[in-house]
Amino acid sequence: MVRPDEPAAFREGLRAHLAAWAGPDDRRGAREVGLTVLVYVAALTSSSLGLERLGGAASPAAKVGWGLATAPALVLLALTQVRAFLVHHDLCHQSLFRARRLNLVLAPLLGTLASTSSFVWRREHDRHHRDSNNLDRSQDGQTGAWTVEQYLHAKPHHRALYWFINQRPVLFGLVPPLYFLGFMRAAARWYENVLFLAFVAALYLTGTLPAFLVALGPATLFGFLLFHAQHTGPALVRHRTAEYDFVENGLRGSTLLVTPRVPLLSRVLDWCLYGVEFHHVHHLHLGIPAWRQRACHEAGAVFFDGVPRITLGGALEATRLTLYDEASGRLVGFTEAHLNPRLRAT
């Protein structure tokens, strides 16, 4: 449990600290939405112009030159698509603006920029927050890893399907576009699909559709990797319902993503990630917008010193962790589950 020496005082202090950072700020919300759209349009336009020049280049040297010139704009476009999704996430939680309706009206618009249905995301994401890391509740996604016992005792075809889906080329290569362009569109509300089709038509008519599609692949892959890093790591804990604790799940069931602190790169990355690195703050209080989460974490460092940390390199390494071993209280990979005699004997 969290701070067994003085749990009541710790929890009350944590609750008060989180409450002090919660609540929307209309002016800042408008700034975050407006700047996201502005940078998105600028990156989309510059990427499209670069791809057009690249396609029309006559010599190999010109192609290389335009390729190198266009690559940064495409990277920025992909990262801004990720940011659009993250701002959309705040809108779905109604933490950006005081007016509930304004959040709900803007959410599908920002979601469209990231090929996301706000209706589907709210439904699935509410379930995620309700059941996150609870081994007794059926879940999908990265917090729904099977236990070793569940995997080894599953029917062969169920085990084979789980193994296949959790192979890295499938989970991070095939699943993201299928999820955003397939499942999302099939389960979206009709007006969201009309809005998305109108957006795609506008991209086609303005010649910016190729750049959008080129950036969307890396954006969805990076988004999946981010979500995976938030909820997958060797130090994260999961519990059965009887032992489940909301505060402990927030503090030890999600990670703090530590990003490279290179002067220019870190400023760009911080802006695009929008504070989502401090995901433990979000799980502890849904009313704290992502742009405030870094400040909330830093001001309350005494509460968050035990939060599991993960780097981008560690996030890549954690993609092999696919099963939860209840005996050791940690996530393991398929190889360890098959080779470890103790795990095989469960």
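What counts as what
Residues numbered from 1 in each chain as written. Predicted model: local features only at pLDDT ≥ 70, side-chain atom pairs only at ≥ 80, totals over all residues. Heavy atoms only, no water. Pairing = 2+ DSSP bridges. Helix = DSSP H or I, 4+ residues; strand = E, 2+ residues; numbered from the N terminus. Salt bridge = Lys/Arg side-chain N within 4 Å of Asp/Glu carboxyl O. Buried < 20%, exposed > 50% of the residue type's maximum accessible area, 1.4 Å probe, protein only. Axes fitted to C-alpha atoms, helices over the stretch in contact; angles between N-to-C directions. Contact = heavy atoms within 4.5 Å. Nonpolar A, V, L, I, M, F, W, Y, C, P; charged D, E, K, R; others polar. Phe/Tyr/Trp six-rings, centres within 6.5 Å; stacked < 30°, edge-to-face > 60°. Lys NZ or Arg CZ within 6 Å of the ring centre and 35° of its normal. Parallel < 35°, antiparallel > 145°, perpendicular 65-115°, else oblique. pLDDT = per-residue confidence, 0-100.

Asks: Sorry if this is basic, but what is going on with the sheet that holds strand 5 (residues 330–332) here?
Replies: Strand pairing in a sheet takes place through backbone hydrogen bonds and is either antiparallel or parallel in direction. Here three strands make up an open sheet; going across it, the order is 1-4-5 and the pairing mixed. On the outer flanks of this sheet lie strand 1 (146–147) and strand 5, each paired with one strand and no other. The pairing of strand 1 with strand 4 (residues 323–325) spans two bridges and is classified as parallel. Counted as the bridge partner of Thr147 is Tyr324 from strand 4.

Asks: I would appreciate a short explanation of the pattern of salt bridges in the present structure.
Replies: If charged atoms from side chains of opposite charge come close, those side chains can pair. According to the stated counting rule, one finds 17 salt bridges in the structure shown. A salt bridge links Arg294 to Glu298; the shortest N-O distance between them is 3.8 Å. Linking Arg294 with Glu298, this pair stays in helix 14 (residues 290–299), spanning four residues, or about one helical turn. Given the relative accessible area of 25%, Arg294 is considered partly exposed. A network of salt bridges, in which partner residues are shared, links Arg261, Asp270, Glu277, Arg294 and Glu298.

Asks: Just checking my understanding: could you explain the packing of helix 3 (residues 60–92) against helix 12 (residues 263–273) for this structure?
Replies: Between helix 3 and helix 12, whose axes approach to 7 Å, the crossing angle comes to 35°. In this structure, helix 3 uses Leu79, Thr80, Arg83 and Leu86 to contact helix 12, whose residues at the interface are Trp271, Cys272 and Leu273. Among the residues forming the contact of helix 3 with helix 12, the class breakdown is five nonpolar, one polar and one charged.

Asks: Even after reading the chapter, I still don't get unusual backbone geometry, so can you show me in this structure?
Replies: Excluding glycine, a negative phi dihedral is what most residues carry, and trans is how most peptide bonds are arranged. The phi torsion at Gln94 lies on the positive side, around 60°, for a residue other than glycine. Within the secondary structure layout, Gln94 lies in the loop between helix 3 and helix 4 (100–113). Accessibility expressed as a relative area gives 29% for Gln94, which makes it partly exposed.

Asks: Any chance you could explain the environment of His280 here in plain terms?
Replies: By secondary structure assignment, the location of His280 is in helix 13 (residues 279–284). For the pair His280 and Leu256, spaced 24 residues apart in sequence, the C-alpha to C-alpha distance is 6.8 Å. Residues within four places of His280 in sequence aside, it is in contact with Gly250, Ser254, Thr255, Leu256, His297, Phe304 and Val307.

Asks: Can you help me understand the packing of aromatic side chains in this one?
Replies: Using the criterion set out here, one finds 14 aromatic pairs in the structure. With a centroid separation of 6.2 Å and an interplanar angle of 90°, the aromatic rings of Phe85 and Phe180 are classed as edge-to-face. With a gap of 95 residues between them, Phe85 in helix 3 and Phe180 in helix 8 (residues 168–187) connect regions that are remote in the sequence. Assigned by exposure class, Phe85 and Phe180 land together as buried. The side chain of Arg185 reaches across the aromatic face of Phe196, ending 4.4 Å from its centre. Over the ring of Phe119 we find Arg189, and its NZ or CZ is 4.0 Å from the ring centre.

Asks: Just to check I follow, could you spell out the packing of helix 2 (residues 26–56) against helix 10 (residues 209–231) for this structure?
Replies: In helix packing, the relevant descriptors are the interaxial angle and the interaxial distance, both defined with respect to the helix axes. The geometry of helix 2 relative to helix 10 is characterised by a closest axis approach of 8 Å and an angle of 105° between their N-to-C directions. In terms of their interaxial angle, helix 2 and helix 10 are classed as roughly perpendicular. Residue-level inspection shows Tyr40, Leu44, Ser47, Ser48 and Leu51 of helix 2 in contact with helix 10, the latter providing Pro210, Ala211, Phe212 and Val214. Split into classes, the residues belonging to the contact of helix 2 with helix 10 amount to seven nonpolar, two polar and no charged.

Asks: Got a minute to help me understand the confidence of the model for the protein chain in this structure?
Replies: Regions with low pLDDT carry predicted coordinates that are not meant to be interpreted in detail. The predicted model of the protein chain averages 90 in pLDDT, with 94% of residues at 70 or higher. When mean pLDDT is compared element by element in the protein chain, helix 9 (residues 190–205) scores highest at 97, while helix 18 (residues 341–344) scores lowest at 53.

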